[in-house]
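# Results of the structural survey
Residues per chain, in single letters:
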Amino acid sequence: GMLDKITKEEITAMIEVRDVFHISKVGTVAGAFVVDGKVHRTDKARVLRDGIVMHTGNILALKRFKDDVKEVATNFECGISLTNFNDIKPGDTIETFQEIQIKQKL
């Protein structure tokens, strides 16, 4: 019980950015399509452009139409914005993941 826990990333969803909207007072919102998995609002997100990681951070808002939602399933569209990142472009891929703490064994 005295050993530090190992942090492991578990990928929860892959999202394809289809369009980008610039909204005053909010910033940039990506109109996206969930290709695989299920996006949860509490997940962390990683923006990939041409296979290169552009940004890793938290999800600021997750919406379906105009409603805030806790999760979006596969084959549904959503609006997603990330904290402190406004350089999202159409064609980017957003990968969401959870960080899981695993106990170490001797």
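## Quick notes on the nonpolar core
- The biggest cluster of nonpolar side chains holds 20 residues, and the ones touching the most others in it are L62, I80 and L82.
- Broken down by secondary-structure element, the contributors of at least two residues to this core are β1 (6-23), β2 (27-37), β4 (44-49), β5 (52-64) and β8 (77-82).
- Of all the elements, β1 adds the most residues to this core, at four residues.

## Some thoughts on the environment of E99
- With respect to the helices, strands and loops of the structure, E99 is situated in strand β9 (residues 93-102).
- Take E99: its relative accessible area is 43%, and that puts it in the partly exposed class.
- Taking the C-alpha atoms as reference, E99 lies 4.7 Å from E9; in sequence the two are 90 residues apart.
- Once residues within four sequence positions are removed from consideration, E99 is found in contact with T7, K8, E9 and K44.

## A closer look at unusual backbone geometry
- If you check the backbone angles, K25 has positive phi at about 70° while not being a glycine.
- With respect to the helices and strands, the residue K25 is situated in the loop between β1 and β2.
- With a phi close to 55°, F65 is a non-glycine residue in the positive phi region.
- Along the chain, F65 falls in the loop between β5 and β6 (67-68).

## Some words on a nonpolar patch on the surface
- Together, F21, I23 and V26 line one region of the surface with nonpolar side chains, adding up to about 270 Å² of accessible area.
- Relative to the elements of secondary structure, F21 occurs in strand β1.
- With relative accessibility at 43%, the residue F21 sits in the partly exposed group.

## Section: the layout of surface pockets
- Of the volumes computed, that of the largest pocket is approximately 360 Å³.
- Taken together, 17 residues form the lining of the largest pocket, with V29, K63, F65, C78 and G79 sitting closest to its centre.
- No other element matches β8, which puts five residues into the lining of the largest pocket.

Reading guide: rules and limits
Residues numbered from 1 in each chain as written. Predicted model: local features only at pLDDT ≥ 70, side-chain atom pairs only at ≥ 80, totals over all residues. Heavy atoms only, no water. Core = buried A, V, L, I, M, F, W, Y, C linked by side-chain atoms within 4.5 Å. Buried < 20%, exposed > 50% of the residue type's maximum accessible area, 1.4 Å probe, protein only. Helix = DSSP H or I, 4+ residues; strand = E, 2+ residues; numbered from the N terminus. Contact = heavy atoms within 4.5 Å. Patch = residues over 30% accessible without salt bridge, like charges linked within 9 Å, V, L, I, M, F, W, Y side chains within 5 Å. Areas by Shrake-Rupley, 256 points an atom, 1.4 Å probe, with all protein chains shown as cover. Salt bridge = Lys/Arg side-chain N within 4 Å of Asp/Glu carboxyl O. 1 Å grid on protein atoms, 1.4 Å probe; cavity = no way out; pocket = protein on both sides within 12 Å on 5 of 7 lines; lining within 4 Å. Points joined across faces, edges and corners; volume = space filled by probe spheres on them.

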